[in-house]
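# Structure at a glance
Spelled out from the first residue to the last, the chains are:
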Amino acid sequence: MENFFSILGGMGTMATESFIRLINHRIKATKDQDYLNYVLFNHATVPDRTAFILDDKKEDPMPYLLDDIKKQNLLEPNFIVLTCNTAHYFFDELQAATPIPILHMPREAANELVRQQTSGKVAILGTEGSMKAGIYESEVRNLGFEVVIPDQLLQEKINYLIYHEIKESDRLNKDLYFEILDEAVGRLNCEKVILGCTELSLMQEFASNNPYPVIDAQSLIADRTIELALENRKKLPESV
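Residues numbered from 1 in each chain as written. Predicted model: local features only at pLDDT ≥ 70, side-chain atom pairs only at ≥ 80, totals over all residues. Heavy atoms only, no water.

Heads up, the condition is: UniProt positions are given in the numbering used here, feature names are shortened, and annotations may be inferred rather than shown by experiment.
Per an unreviewed UniProt entry, the protein chain goes by Aspartate racemase and derives from Enterococcus durans. According to its UniProt record, the protein chain has this under Sequence similarities (unreviewed entry): "Belongs to the aspartate/glutamate racemases family."

Printed below as a string of structure tokens:
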């Protein structure tokens, strides 16, 4: 297979499935050949990223991720999509291990704030690991925006939604999701809310009529993936 990209996913698997569904559904396809070429690494057994960031005595995910990168180097995709937000904590080391460009999901979300001409405070929602590591905070602050990080009460609700409802129970708790967004916009007085966890993006995919001003990082990276894949397709002569 030529002219393809690879997806480093499985962190978690349901969120990766959501990403695949997005790119497949957003392609304007009238036949099989209109869809995108890609290889999925659904590496579900990568140790928990947040657990390691919060306590470096926990098992390190980095050797697993580096091994995945080495295997993708052998395949030589056009680019790599890292679908776990918290795994961007390791982004610089992963990118240094490959000449293949890796898309940067938090950076895409931060740039979207500029495109939407955001002027007020920006809330970032994600795992405790992402919050501690400042994965989104640094990208957003670098562009001059005022960042609001969830307080302990709100973070506990986010943790419960991500880990208990979605990861453990495979349940999409729309009421809790909207409660979290309402606090971010109302109580924390934020103009925009960045969904910095793919489980939250999974919620957004199925939360119809969402009245809250969210910036969905996974949705943005899906659009960027499609854009790059189609650009690369145009560079090659059509198959006979």
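## Some thoughts on the nonpolar core
Applied cut-off: The term nonpolar core refers to a set of buried residues drawn from Ala, Val, Leu, Ile, Met, Phe, Trp, Tyr and Cys, joined through side-chain atoms within 4.5 Å. Throughout, exposure labels follow a simple rule: accessible area from a 1.4 Å probe, protein chains only, divided by the maximum for the residue type, with under 20% read as buried, over 50% as exposed, and the rest as partly exposed. Helix and strand assignments follow DSSP, with helices taken as H or I runs no shorter than four residues and strands as E runs no shorter than two, numbered in order from the N terminus. Where each domain begins and ends follows an automated or database-derived domain assignment.
In terms of nonpolar packing, the biggest core is built from 32 residues, with Phe5, Phe19, Ile23, Tyr136, Val140 and Ile194 touching the most fellow members. Mapped onto this core, the elements with two or more residues apiece are strand S1 (5-9), helix H1 (13-26), helix H5 (105-115), strand S5 (122-125), helix H7 (135-142) and helix H11 (217-235). If one sorts the elements of this core by residue count, H11 sits on top with seven residues. Of the domains in this structure, domain 1 (5-104 + 220-235) and domain 2 (106-217) are the two that each give at least three residues to this core. Membership of the second largest hydrophobic core comes to 25 residues, among which are Ile158, Phe178, Leu195 and Cys197.

## Here we look at the side chain of Ser201
Our working rule: N or O atoms closer than or at 3.5 Å make up a polar contact, with two conditions inside protein: a donor-capable atom paired with an acceptor-capable one, and, for residues adjacent in sequence, both atoms drawn from side chains. Between two residues, a contact is recorded if the distance between any of their heavy atoms is within 4.5 Å.
Mapped onto the fold, Ser201 is located in helix H10 (residues 198-206). Looking at Ser201, its side chain comes within polar contact range of the side chain of Asp216, at 2.5 Å. Residues within four places of Ser201 in sequence aside, it is in contact with Leu195, Asp216, Ala217 and Gln218.

## Structural notes on the pairing of strand S7 (residues 192-195)
Condition: A strand pair is defined by DSSP finding two or more bridges across the two strands. Crossovers are described as right-handed under a simple rule: with the strands pointing away from the observer, the path leading from the first strand over the helix to the second runs clockwise.
Covered by surrounding structure in S7 are Lys192 and Ile194 together with Val193 and Leu195, the residues of both alternating faces. By the bridge criterion, four bridges tie S5 to S7 in an arrangement that is parallel. Pairing of Leu125 across the sheet is with Leu195, part of S7. Taken together, the three bridges between S7 and strand S8 (residues 214-216) define a ladder with parallel strand orientation. Opposite Val193, over in S8, you have Val214 as the bridge partner. With H10 bridging S7 and its parallel neighbour S8, the resulting β-α-β unit is right-handed.

## Topic: unusual backbone geometry
In this structure, Gly12 follows Met11 across a cis peptide bond, with omega equal to 5°. Counting through the fold element by element, Gly12 comes out in the loop between S1 and H1. Phi at Glu76 is positive, roughly 60°, even though this residue is not glycine. Among the structural elements, Glu76 can be located in the loop between helix H3 (62-75) and strand S3 (80-82). Classification of Glu76 as exposed rests on a relative accessible area of 60%. In this structure, Asp170 takes a positive phi of about 55° despite not being glycine. Locating Asp170 in the fold gives a position in the loop between helix H8 (152-168) and helix H9 (174-187).

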